[in-house]
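# Survey of secondary and tertiary structure
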Amino acid sequence: MSGITYVRGDATAPQGKGVKVIAHVCNDLGGWGKGFVLALSRRWPEPEAAYRRWHRERAGNDFALGAAQFVQVGPHLWVANMVGQRGMRTGSKGVPVRYEAIDKALGAVAARAGELGASVHMPRIGCGLAGGTWSRVEPIVQGRLAGEGVPVAVYDHD
């Protein structure tokens, strides 16, 4: 699909110039301890601390499936914590990924990227521990971001 650049490398070290947003999927239980979030936490403490606070104070904020939280980690670098999976385990209700939640959260990411004049960088969101498939996620990324003129880089870690 056009508009998405595929890169070999680390999504926590986004390539290119200008303002960048690193987008990733979180669960709706407040859990942060496996998968891509560990790589984020090795680089910056702020995204995890902000996510945990967002979840803890959820009675008074917008924390829910489909919500996105933006955490600045550098002068030209942001992390988008997107709530795109229900729970953390595959069970009787299927895999944790919620494609409609990723779609909604990416809408917020597109808006913020537009405001910042930013490119968006991500692993294959929703396709690791969340159990999703890239064939379902890629068209969402294309429609919400690349198709709206937001430059997107998807990273495959070596």
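Looking at an unreviewed UniProt entry, one finds the protein named Macro domain-containing protein and attributed to Streptomyces microflavus.

### A look at helix α2 (residues 46–56)
Regarding α2, the residues found buried are Pro-47, Ala-50, Tyr-51, Trp-54 and His-55. End-on view of α2: buried residues confined to an arc of 130°, all on one side of the axis. Elements in contact with the buried residues of α2: β2 (20–27), β3 (68–74) and β4 (77–85).

### Focus on the sheet that holds strand β1 (residues 4–8)
Pairing between sheet strands relies on hydrogen bonds along the backbone, with the strands arranged either parallel or antiparallel. Reading across from one edge, β1-β6-β5-β2-β4-β3 is the order of the six strands in this open sheet, with mixed pairing throughout. Where the open sheet ends on each side, the last strands, each with one partner, are β1 and β3. Neighbour-to-neighbour, the strand axes of this sheet turn through a mean angle of 30°, independent of strand direction. Pairing analysis gives three bridges linking strand β5 (residues 119–122) to strand β6 (residues 152–156), with the strands arranged parallel. Within β6, the residue paired with Val-120 across the bridge is Val-152. Sheet strands in contact with helix α1 (residues 36–43) are β2 and β4, and its direction is about 130° off that of β2. Seen against the sheet, α2 touches β2, β3 and β4 and runs at an angle of roughly 150° to β3.

### Here's the deal with the pairing of β4
The buried fraction of β4 amounts to nine of the nine residues, a majority that puts the element mostly inside the structure. Pairing between β2 and β4: eight bridges, direction parallel. Its bridge partner being in β4, Lys-20 is matched across the sheet by Leu-77. Two strands pair when backbone bridges link them, and β3 and β4 are joined in this way by six bridges, in the antiparallel orientation.

Basis of the calculations
- Residues numbered from 1 in each chain as written.
- Predicted model: local features only at pLDDT ≥ 70, side-chain atom pairs only at ≥ 80, totals over all residues.
- Heavy atoms only, no water.
- Buried < 20%, exposed > 50% of the residue type's maximum accessible area, 1.4 Å probe, protein only.
- Helix = DSSP H or I, 4+ residues; strand = E, 2+ residues; numbered from the N terminus.
- Arc of directions from axis to C-beta.
- Contact = heavy atoms within 4.5 Å.
- Pairing = 2+ DSSP bridges.
- Axes fitted to C-alpha atoms, helices over the stretch in contact; angles between N-to-C directions.

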